Amino acid sequence: MALKGKKRYRYVSVPGDTLKVRIYTLANGLKVYFSVHHDAPRIQTYIAVRAGSKMDPPETTGLAHYFEHMMFKGTEAFGTSGWKKERPLIREISELFEQYRAEKNEARRTGIYRKIDRLSFQASRIAIPNEYDKMMDAIGSQGSNAGTSADYTLYMENIPSNEIRNWAIIQAERFSRPVLRLFHTELETVYEEKNMSLTNDGRKVSETLLSLLFPDHPYGRQTTLGKTEHLKNPSMKNITEFFRTYYVPNNMAICMAGEFEPDEAIEIIDRYFGKLKSRDVAPLRYARWKPLQQPVTREVAGLESEYIRIGFGFDIRAKDDRSLMVDLAGTLLSNGKTGLLDVNLSQTQRLISPSGYANQFTDYAMILLGARPVDGQTLEQARDLLLEQVTLLRKGKFPASQLEAAVNNARFNLMKQYQTSQGRAIAMAGAFVDRIPWNKYSDYPERMEKVTRKEIAGFADRFMSGGYAVVLKRQEPPADEAKIVKPPITPIVIHRDRKSEFFKKIQDAAVSEIAPVFVDYDRDILKFNLNGNTRVLYRENNEDGTFQLTYYFRTGRNSDRLLNFALGYLPYLGTSSRSLSEINREFYRMACSFTVNAGEEETQLNLTGLHRYFEPALSLMEELLDNPRPDPVALEKLVSNTLMTRKSNQTLQAEVFSALVSYGTYGPKSPYKHQLSEKELRSLSSAPLVRKIRELKRFSHQVLYYGPEKPDRLIRLLEKHHRPPSKPKTLVPSHHFRERPTREDRVLFVHYDAAQTRLQSIVRDGKYDPSLAPVVALHNNYFGTHVIFQELREKRAMAYTAYSRYLEPATLEKHYLSVGFVATQNDKVTGALTALNGLYDRMPSSGVAFGLARNTVLNRIRTDRLTRMNILWNYINAEKLGLTRDIREEIFHGVTALTENDLKEFHDRHLRNRTKTYVILGREPELNLPGLEKFGPVTRLTLEDIFGY
């Protein structure tokens, strides 16, 4: 349990636990969870704090979330070039914010904020922005991020296995004495996030449901982002007090999964985190839950299409054994295959996208149901159909075999989750924050096996027969909500080449080097043919009892719009010997899943599940492909619901922007618009669609397999069930849409009534050149991530999201695309575009940032490992570009030799002073459209222009 001569650390483990989790408790109360996983020389780390938005003081909501942002700003030792000089400025800024909160006179408030802005600019001369991120890059961390929920905050890093000590030094410092520097510029980011939420229908519906179900608990009384008036009046003192109260070791856990030696790791963690001082944390006090005695309904207005949500609340804690019943009830209602909603509403197409799931908070639980109405249906009628399924659950009107199937699927889902270090780490973090003993995680399927149909029906009848909450999401202009008007700020000073002494010591620390591992397409992939013409790519799974099988076709919607729709029809069909519900019930019983992924240029038929059911699942999939039974009624409903979905898509900001980007990239004849028209849809009949499905296997395709089956037996099974033709038909060549040349500047604008504008610049460049791969990788890290983000968000507070990418083509027929994306406030569009173009035309130079970017690319390749099915897909993607070797090897050696001048030459040749297409989606009254003319002639487009319907 410990290294010889070292301190012995006791830990708790669970016999038979497949993850072999060790749980330590340090002297100061810090919990440490370990799970060793040898899939790559990396470690997923989560630092979990039981400090979520439910702990926010009622008078300063949003505090936990805002402090999460501030945890990236540094400490007294890093993020600053002189803490003694910076400290009095930050103290004065904190005091001014208290005056700002107390002052009611707007003129005096404005004056106070000017002082805050002036002092903040002075402090920025001392600060070193983004130094935490730079240190994480320096040690090779990936996925540096954090997230705040109602119950907890998680801080995540994925680090190389040789950097545990440096990671521990940085994190222990970070959690000991964080400094709230650059406070008012980060506040701008939180403002932007809040403004985005004001027109987010999903968030408004969710918040309304919670307020109805839990009116006397912070879950329902306050939101994670906080109230607008509180964000307008922040308190650095309250945030500091929040940190002192909840960020103590006895309220925290470190969760690590990956490739490391536990005895060495726990000694390192104790050495650095053991210094944190524990402090009693008072439990959250809230009124006893009062269940709803009758249905309660609220309406929410928004721009998106109509839908309904229904919520049932439960006075059940996550650590309560009854939480298992909530999970099972949610699964029996909806699991994608055999749930009551799936069978009675989805597969019969009586509703669009009906779904349900259980959501377990630490203190309470809920089951949520939702759907969109079909054409001619009211939200109230949709509500009644959903509630009918709850009645069936309460009466036990579901097969007892469904519980056995739920257990099989629980086992499969856990196997899939635990295939990754991220999945293991998040499970351990969840156990900690919800105070669930690890044995309840490790024996979850076994506990499920003991539940009977009578018990689950009795549970549902007891807890789901009374009151519930209904939210009717109407498609109407929402009431004007007071967005947060951001006061003007002075851009802060950015010190790109400055480092703290703390950072220098981290960089100077000696660590053992990890050698990269590249895929050898001949050694690592077994290739053989069926019937001499159908290629099989094979990898054996020696880790667990799961498999993945894919039939891969190089054709898609761009070449055959009818095939694409036919494959969308397939999930609603049975066969001559089995009904649709029987097929889905059988797949679910075996914990296997058959899915279709029909894209623009590729089609995949995927079968996944538990290996012990591979052959019967394969036989069932082939039966469905060989003998689908036409169903004219299902087709009529599918056509109607497809048209309804298209109408809905025109109300979704993300969908509208995708259509606009496609139009801007390809012109009026874009891939997005290449689909069956309404007239063509309404004229369809079942016979040609079913014929398309039956004929598909006769065309040339490849088979990809990752699983425990040995090659010889896999060949026999495929020859028996798949039976590929000896002379496959040739596929219709894929229609390649050509990216539109960007020879002149132009602006394409579509109006969307939201508080935030999305904009993107597009430049078409040349065809694929593998020799560019190293410099493209380096440029995307240096310029695309760090420069753009730091300049637009950190320095100028211009955007919530900003990045640039030089996108490599997927095939030899396509072009490189240089894109720059910004999400910003409507009235900041002109300034954001000006700043973005300024960076393109004059890329900032920094030797320190260049070195960090190069090390980031190299460290990622050194420690990343392609595994499982990813090896096969890497080979497929390489073939599409004419490559015969793993391109990462070329990138690794090429980046090592690149200089700053090489990066500048690439940028000047491919990005500097290029004419661009700009696509802008925003609220026209708040945009300065005449001001956009300086970027190019502005063309107003309609939804019909970009959607094609």
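That block above? That's the structure.
Residues numbered from 1 in each chain as written. Predicted model: local features only at pLDDT ≥ 70, side-chain atom pairs only at ≥ 80, totals over all residues. Heavy atoms only, no water.

Caption draft 1: Spatial organisation of the pairing of strand 5 (residues 142-148). In the sheet, strand 5 pairs with strand 6 (residues 153-160) via five bridges, with the strands oriented antiparallel. Across the sheet, the residue bridging to Gln142 is Asn158, located in strand 6. From the end of strand 5 to the start of strand 6, which pair antiparallel, there are four residues. (Pairing = 2+ DSSP bridges. Helix = DSSP H or I, 4+ residues; strand = E, 2+ residues; numbered from the N terminus.)

Caption draft 2: Highlighting unusual backbone geometry. At Gln349, a residue that is not glycine, the phi angle is positive and equals roughly 55 degrees. Checked against the element boundaries, Gln349 lands in the loop between helix 13 (340-346) and strand 10 (352-360). For Ala591, which is not a glycine, the phi torsion comes out positive at approximately 55 degrees. Tracing the chain through its elements places Ala591 in the loop between helix 22 (580-589) and strand 16 (592-598). In this structure Ala591 comes out as buried when scored by relative accessible area, which is 2%. (Buried < 20%, exposed > 50% of the residue type's maximum accessible area, 1.4 Å probe, protein only.)

Caption draft 3: The pattern of salt bridges, seen in detail. Under the defined criterion, the tally for this structure stands at 55 salt bridges. Across the salt bridge formed by Asp151 and Lys54, the nearest N and O atoms sit 2.9 Å from each other. Taken as a pair, Asp151 in the loop between strand 5 and strand 6 and Lys54 in the loop between strand 4 (42-49) and helix 1 (63-70) lie far apart in primary sequence, 97 residues in all. Residue Asp151 is classed as buried on the basis of its relative accessible area, which comes to 6%. Accessibility expressed as a relative area gives 7% for Lys54, which makes it buried. Between Lys697 and Asp626 there is a salt bridge, with the nearest N and O atoms lying 2.9 Å from each other. (Salt bridge = Lys/Arg side-chain N within 4 Å of Asp/Glu carboxyl O.)

Caption draft 4: Examining the sheet that holds strand 10 more closely. Spatially, 8-12-9-11-10 is the arrangement adopted by the five strands of the open sheet, whose pairing is mixed. Two strands bound the open sheet, and with one partner strand each, they are strand 8 (296-302) and strand 10. Adjacent strand axes in the sheet meet at a mean angle of 15 degrees when their direction is disregarded. Of the strand pairs in this sheet, strand 8 and strand 12 (residues 469-475) are connected by seven bridges, and their pairing is parallel. Note on strand 12: the bridge partner recorded for Val296 is Ala469. (Axes fitted to C-alpha atoms, helices over the stretch in contact; angles between N-to-C directions.)

Caption draft 5: The arrangement of helix 25 (residues 653-666) in detail. Relative to the 20 Å expected for 14 residues at 1.5 Å per residue, helix 25 spans 20 Å between its end C-alpha atoms, a close match to the ideal helical length. Burial within helix 25 is extensive, with 11 of its 14 residues counted as buried. Looking at helix 25, one finds that the buried residues are Gln653, Val656, Phe657, Ala659, Leu660, Val661, Ser662, Tyr663, Gly664, Thr665 and Tyr666. In this fold, the buried residues of helix 25 make contact with helix 24 (632-649), strand 19 (746-751), strand 20 (756-767), strand 22 (815-825), strand 23 (917-922) and helix 36 (943-947). In the stretch just after helix 25, Gly667 is the one whose phi turns positive, near 95 degrees. (Expected span 1.5 Å × (residues − 1). Contact = heavy atoms within 4.5 Å.)

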